[in-house]
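Observations on the model geometry
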Amino acid sequence: MAILTIVKHPAEILEKECKQVTQFDKNLKQLLKDMYETMVAADGVGLAAPQIGVDQQIAVVDIGDERGRINLINPIIIEKSGEQTDIEGCLSFPRLYGTVSRPYYVKVQAQNMKGKTFIIEAEDYLARAIQHEIDHLHGVLFTSKVLKYIDEEELEGYEEQ
Ligand code: CO
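The text that follows walks through the structure, step by step, so that each part is easy to find. Keep in mind that this is a model prediction, so the values were computed, not measured.

Turning next to the packing of aromatic side chains. Under the definition given, this model contains one aromatic pair. Here F93 and F142 contribute two aromatic rings whose centre-to-centre distance is 5.5 Å and whose plane-to-plane angle is 75°, an arrangement assigned as edge-to-face. Of this pair, F93 sits in strand 5 (residues 93-102) while F142 is found in the loop between helix 2 (124-137) and strand 8 (146-150), placing the two residues 49 residues apart along the sequence. Residue F93 shares its accessibility class with F142, and that shared class is buried.

Structure follows, in structure tokens:
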């Protein structure tokens, strides 16, 4: 078990395009495991590799629903529709929250830790978490999309991504 240090804004690595993963080896498997444990320890629902200082297209998401842990490697949004507006936070921006509008539904193509391509469809909160993490892989931070910042008192128990 390894809890990694989460990179906080401002940091150059949070704002750059991450590289495609080409090596699906045991180091990748370990990195995903460490990222997941780091995310859980920080009470997050998602974590992207640049947030632990790795500029590769890797993210983990777990919103605590029946789908559990989702590993996303080289993810691409191939379809999206609808719209939702809700509060977001980010583990790289402690105590900062704001409302963000995003598509309600996404269909994403990604690879798993063995390099196998899969498709995942998501709606609502899971779609939001996945889109937030995919943004990280392209150096896009939620603060660039915030419509309105929210005071901390308004947010009892909100989880960061
Ligand atoms: Co984030």
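Let's shift gears to the sheet that holds strand 7 (residues 117-123). A sheet is described by the order of its strands in space; here five strands give the open sequence 1-2-3-6-7, paired in antiparallel fashion. On the outer flanks of this sheet lie strand 1 (46-48) and strand 7, each paired with one strand and no other. When the angles between neighbouring strand axes are averaged without regard to direction, this sheet yields 35°. Bridging between strand 1 and strand 2 (residues 58-61) involves three bridges; their strand directions are antiparallel. Each residue of the ladder has a partner; that of L47, found in strand 2, is V60. Taken strand by strand, helix 1 (residues 26-41) contacts strand 1, strand 2 and strand 3 (70-81), and its axis lies near 45° from that of strand 2. In this fold helix 2 packs onto strand 1, strand 2, strand 3, strand 6 (105-111) and strand 7, with an angle of close to 125° to the strand it touches most, strand 7.

Ordered by their spatial adjacency, three strands build an open sheet running 4-5-8, and the pairing between neighbours is antiparallel. The open sheet has two free edges, formed respectively by strand 4 (84-90) and strand 8, since each of these has just one partner strand. Averaged over all pairs of adjacent strands, the angle between strand axes in this sheet comes to 30°, irrespective of strand direction. In this structure, strand 5 lies alongside strand 8, joined through four bridges in antiparallel fashion. Paired with V100 across the bridge in strand 8 is V146. Each of strand 4 and strand 5 touches helix 2; the most contacted strand, strand 4, lies at about 50° to it.

Attention now moves to the side chain of E37. Summarising the element assignment, E37 is placed in helix 1. Since its relative accessible area comes to 16%, E37 is described here as buried. Engagement of the side chain of E37 in a polar contact is seen with the backbone nitrogen of A2, the distance being 3.1 Å. Setting aside its immediate chain neighbours within four residues, E37 contacts M1, A2 and I3.

Quick notes on the rules
Residues numbered from 1 in each chain as written. Predicted model: local features only at pLDDT ≥ 70, side-chain atom pairs only at ≥ 80, totals over all residues. Heavy atoms only, no water. Phe/Tyr/Trp six-rings, centres within 6.5 Å; stacked < 30°, edge-to-face > 60°. Helix = DSSP H or I, 4+ residues; strand = E, 2+ residues; numbered from the N terminus. Buried < 20%, exposed > 50% of the residue type's maximum accessible area, 1.4 Å probe, protein only. Pairing = 2+ DSSP bridges. Axes fitted to C-alpha atoms, helices over the stretch in contact; angles between N-to-C directions. Contact = heavy atoms within 4.5 Å. Polar contact = N/O pair within 3.5 Å; in protein donor to acceptor, adjacent residues only side chain to side chain.

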